[in-house]
Structure formats: C-alpha cells, structure tokens
Amino acid sequence: MNDFKERIAAELVAVRNRSLAYTDTEDDLLVRQHSPLMSPLVWDLAHVGNYEELWVLREAGGITPLRPEIDDLYDAFKHPRKDRPSLPILGPGEARHYIEGVRGRVLDVLDAIDLEGPDPLHRDAFVFGLVIQHEHQHDETMLATLQLSEEPGLVRDGGLPSGGPAGAEEVLVPAGPFLMGTDTQPWAYDNERPAHRVDLAAYWIDRLPVGNRAYTAFIEDGGYDDPRWWTPEGWGWRRQTRAHAPLFWTRDGGIWWRTRFGRPEPVPMDEPVQHVCWYEADAYARWAGKRLPTEAEWEKACGWDPAAERSRTYPWGDDAPGPGRANLGHRAARPAPLGAFPAGASAYGAEQMVGDVWEWTASRFLPYPGFRSFPYREYSEVFFGKDYRVLRGGSWAADPAAVRTTFRNWDHPIRRQIFSGFRCARSASPEQA
Ligand code: AVJ
Ligand code: FE
C-alpha cells in the first residue's frame, strides 16, 4: 500500500478505537435509551459498521452483502431515534462481532481501489473519507448521549493551553467577494460543493466565541425573561421549556454550576459557552446589540485568505491541526479557555473558529447553487429547507478528519445536548468599511 493508503488504514483503526472506547461499558448502558433525542449507544455502534458495509464493501468493493437482513434496522430514515430501542437490534456482543467482520474485508477493498481511476467512490479514496468522517460524527453523537446518561465517565483532562491575553473584541472583515464552499477538498461532503462566489458587505465578527462570563451577564440582566431579545418561536421555546440558563447549568450557593459528564463543577467563566440552542444564541446576540453571523460571513472570516485569493483548509492555512492551534479530537472533554490558540487565528484574526464549540449561524441549511447530491440524497438533500440552522467549525469532540473551513453541520434550533456555542457579528458602518 502507498503512503496515502497507509494513512487511511491508520485513520480507520483510530476511529474504530474511538467507537470501541465509548462503548466499553456495561451492556445495560449500551442498550438503554438515555434520552428520546438519542439512539441507544449499541445502535450507533452497529450503524457505523452497517454504513461501512454498504458503502465500502458493497458499493465500492462489489462484495456480496454479509447481513442484508439487518440493513433496515440501521436505516436512520426508516426509524427515528426515539423508536430505535424497540427494534430487534443487535446486542452489544453481536454488534461488536458484526462490525469486526465488516472491517476484516475493508482493507482488501482499500488495497484494490484505484485512487486515480474514474470511479468517484474510489478516486482520492472518497468512500473511505465518507466512512471515517461518518464514524467520527457518530462518535461525537455518542459522547452527547453519554453526557445525557449522567453516568460519570469520559472526562479526559488532557492538557489544554491557558487563556490568552485580552485583545480586540471584534475583527473587521472588509467588503468584497470570496469563494464559499469547495471544488478541491477531496473528502468534502456534497453539501460543501460547489465553490461559488459570494459578495459580502463589510462586517465585524467577534474575535472569540461568546464566553460563560458574558453569557452569565445576559442571564443576570434578565435576558431569559425579556421577550424583546427573542424571536416569536424562541420566546415560545423559552416559555414552554422554562429554560433560564444553558443545559446542564444550575445555580447553587450563589454561583453557577455545570454538570460535565455527570460531575458538577463551578462554571469556568473564561470558557466558551456551550449547550445553548439557536434561540438562546440569537437572543443573546440581540441583547448584546449584535446578531449571529450568516453562514457566509462565518466562512469568510474563518477560511478566506484575501492575499492569496483562496480558501484555506483551516483558519491558519493548510497544515493539519496540531495541539497548539485548535482543541479537537476529545483531548479534554471541554472547550479551551478563550484566547488559548492565537496560533490558530484566521487571516482576518478570528480565533477558535475550529474546535472548542460548534458555532450557530443565522442561516438555514440550504443547498449551494449548483448542488448535486453525492453519493446519496439522505446525507444532505433531504434536510434542505427544513427547520434546521447551520453550525460551523467543529467542537472539542470533533475529529480533525471531519473539520475544515467549509464543513457544514446542522440541527434543529431547539437542540442543546450538542456541543454548541456561538459568536456574534454586526454589519460595519460605511466609514468603518
Ligand atoms: C450532520 C450531524 C446532522 O448526525 O444526523 C450521521 C451526520 N448523517 N449519519 C446526523 C450523519 C448520517 C448528521 N449531522
Ligand atoms: Fe449515520
């Protein structure tokens, strides 16, 4: 195998080790449904193996189905998350055995494919990028499930840099066009394509994500009780849920606490806020006299290199993320303090745009002009135009394989179990522009 194929083989091992680590727990915890929002963990585990069988073995490898009778059970479209515990899904032992059997044949396909050939699933090993990213995305979802289970565990306190010195609150992005999306990232999903020109007016965007200290000021200013800051839908959500702080926060003894993977700790005021829904992010922004950035504004501030007139793969350039540039890959089960990654700044000076927390944007999830679904409609296309908002940048739980300046995530505006935060923006006045 050549170097590229060796690297893919290593990524396959790494992501599988991650899935196995998250499911290395008692059977009872794996088969239980911790929240109607989430699948039982054992469903995710067999689903990633079934996806690998469908795409790598059958579609790319032309291998006879191993277990066609279980396809239906792991079809996310046939069975919503809340119904999955009542399905006759594989138990933990069977699930591990099944995914191992699939994996045993996957390296043969990797060995055989022509990376430069005409098959778009083979070219640049696209189908391997697809399954590696897919499994990492499910691993992140499994982490959210584990946190909801309130079983202590999975807190890793791998070192994170400390917070940076105070700096500019916002950075200016001058007016002008940029190329949004990509035609060149080999493992980009269909929803990131094609690259297209977007012309933006000048705007300011926060240098850093909104932190817990600033968010607490919003709470203590009565932000959750003032309908002025909320959209009608957001106010409806706020009244119905009686939310008064981010998910996992409680107030006790005069201070704010948050429960992180089952363990309470005082809210660290210098960390980006996380576990807020789109409605909360949007309300905070209005309270602060700002707004959420559009998806285009977010991407330009993150990835555009105005001097080179091209998009970077990461804010700092095209070099792979290292520990000094971004907090990715579950090094620690938390966002890094604000200002921890000056070396990860974008061309415009925005920091912590990848890693730490997914950032809500103002935009709905829509196709780019010229979108073509590939390789299947159910990854992106069926979600376009529905009640979803786009999140960008990737959280501390996202793996570098599934993070780039063009990567798009989406969720319902009420969701907060995900590792979601935000930053604000505002339009620049003509003099400033
Ligand atoms: C892109 C995170 C919204 O989890 O529903 C996993 C990713 N798609 N399996 C999801 C996905 C198919 C997707 N999100
Ligand atoms: Fe999936």
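About the cut-offs
- Residues numbered from 1 in each chain as written.
- Chains lettered and ligands numbered in written order.
- Predicted model: local features only at pLDDT ≥ 70, side-chain atom pairs only at ≥ 80, totals over all residues.
- Heavy atoms only, no water.
- UniProt positions renumbered as here; feature names shortened; annotations may be inferred.
- Helix = DSSP H or I, 4+ residues; strand = E, 2+ residues; numbered from the N terminus.
- Pairing = 2+ DSSP bridges.
- Axes fitted to C-alpha atoms, helices over the stretch in contact; angles between N-to-C directions.
- Contact = heavy atoms within 4.5 Å.
- Parallel < 35°, antiparallel > 145°, perpendicular 65-115°, else oblique.
- Left-handed = near helix turned anticlockwise from the far one by under 90°.
- Phe/Tyr/Trp six-rings, centres within 6.5 Å; stacked < 30°, edge-to-face > 60°.
- Buried < 20%, exposed > 50% of the residue type's maximum accessible area, 1.4 Å probe, protein only.
- Lys NZ or Arg CZ within 6 Å of the ring centre and 35° of its normal.
- Near = heavy atom within 4 Å.
- Polar contact = N/O pair within 3.5 Å; in protein donor to acceptor, adjacent residues only side chain to side chain.
- Areas by Shrake-Rupley, 256 points an atom, 1.4 Å probe, with all protein chains shown as cover.
- Nonpolar A, V, L, I, M, F, W, Y, C, P; charged D, E, K, R; others polar.

A few words on the UniProt feature "domain: Sulfatase-modifying factor enzyme-like" (unreviewed entry) in the protein chain. Look at the UniProt record and you will see "domain: Sulfatase-modifying factor enzyme-like" (unreviewed entry) annotated at residues 168-426. For residues 168-426, the end-to-end C-alpha separation is 15 Å, with 15% helix and 21% strand making up the annotated structure.

Strand order in the open sheet made by the three strands is 5-6-7, with antiparallel pairing throughout. Edge positions in the sheet fall to strand 5 (249-252) and strand 7 (263-266), since each of these pairs with one other strand and no more. Strand-to-strand twist across the sheet, computed as the mean angle between neighbouring axes with direction ignored, equals 35°. In the sheet, strand 6 (residues 255-260) pairs with strand 7 via four bridges, with the strands oriented antiparallel. Bridge assignment links Trp257 to a residue of strand 7, and that residue is Pro266. Relative to the sheet, helix 6 (residues 212-220) contacts strand 5 and strand 6, its axis offset from that of strand 5 by approximately 65°.

All right, on to the packing of helix 3 (residues 41-60) against helix 4 (residues 92-112) then. Remark: helix 3 packs on helix 4, axes separated minimally by 9 Å, with the N-to-C direction vectors making an angle of 25°. The angle between helix 3 and helix 4 places the two elements in the roughly parallel class. Between helix 3 and helix 4 lies a crossing of left-handed hand. Where helix 3 abuts helix 4, its residues Val42, Leu45, Ala46, Gly49, Asn50, Glu52, Glu53, Val56, Leu57 and Ala60 lie against Pro92, Ala95, Arg96, Tyr98, Ile99, Val102, Arg103, Arg105, Val106 and Val109.

Looking now at the packing of aromatic side chains. Describing an aromatic ring pair means giving the distance of the ring centres and the angle of the ring planes. Following the criterion strictly, the structure yields 36 aromatic pairs and no others. Ring geometry for Trp237 versus Tyr279: centroids 6.3 Å apart, planes at 40°, classification tilted. One end of the pair, Trp237, is in helix 7 (residues 232-241); the other, Tyr279, is in helix 8 (residues 278-287), with 42 residues separating them in the sequence. In this structure Trp237 comes out as buried when scored by relative accessible area, which is 8%. Ring centres of Phe365 and Phe384 lie 4.8 Å apart, and the angle between their planes is 45°; on these two criteria the pair is classed as tilted. One end of the pair, Phe365, is in the loop between strand 10 (358-364) and strand 11 (389-392); the other, Phe384, is in the loop between strand 10 and strand 11, with 19 residues separating them in the sequence. Like Phe365, the residue Phe384 is buried in the burial classification. The lysine or arginine in question, Arg84, covers the ring of Trp43, its NZ or CZ lying 3.8 Å from the ring centre. Here Arg389 stacks its cationic end above the ring of Trp278, 3.9 Å away from the centre of that ring.

Our next topic: the site of ligand 1. Lining the immediate surroundings of ligand 1 are Arg81, His134, Gln137, His138, Tyr379, Asn409 and Trp410. One of the side-chain nitrogen or oxygen atoms of His134 is found 3.1 Å away from a nitrogen atom of ligand 1. Within the contact set of ligand 1, a nitrogen atom lies 3.2 Å away from a side-chain nitrogen or oxygen of His138. For ligand 1, the protein covers 76% of the area, taking 360 Å² as the surface of the free molecule. Listed by contribution, the elements that provide at least two residues to the shell around ligand 1 are helix 5 (126-148) and strand 12 (408-411). Counting residues per element, the shell around ligand 1 draws most heavily on helix 5, at three residues. Partitioning the shell around ligand 1 into residue classes produces two nonpolar, four polar and one charged.

Next up on the list: the packing of helix 1 (residues 3-22) against helix 4. The geometry of helix 1 relative to helix 4 is characterised by a closest axis approach of 10 Å and an angle of 165° between their N-to-C directions. By the angle class used here, helix 1 and helix 4 are roughly antiparallel. Our pair here, helix 1 against helix 4, has a crossing hand that is right-handed. On helix 4, the residues touching Lys5, Ile8, Ala9, Leu12, Val13, Arg16 and Leu20 of helix 1 are Ile99, Arg103, Val106, Leu107, Leu110, Asp111 and Ala112. Here the residues of the contact of helix 1 with helix 4 are counted per class, giving ten nonpolar, no polar and four charged.

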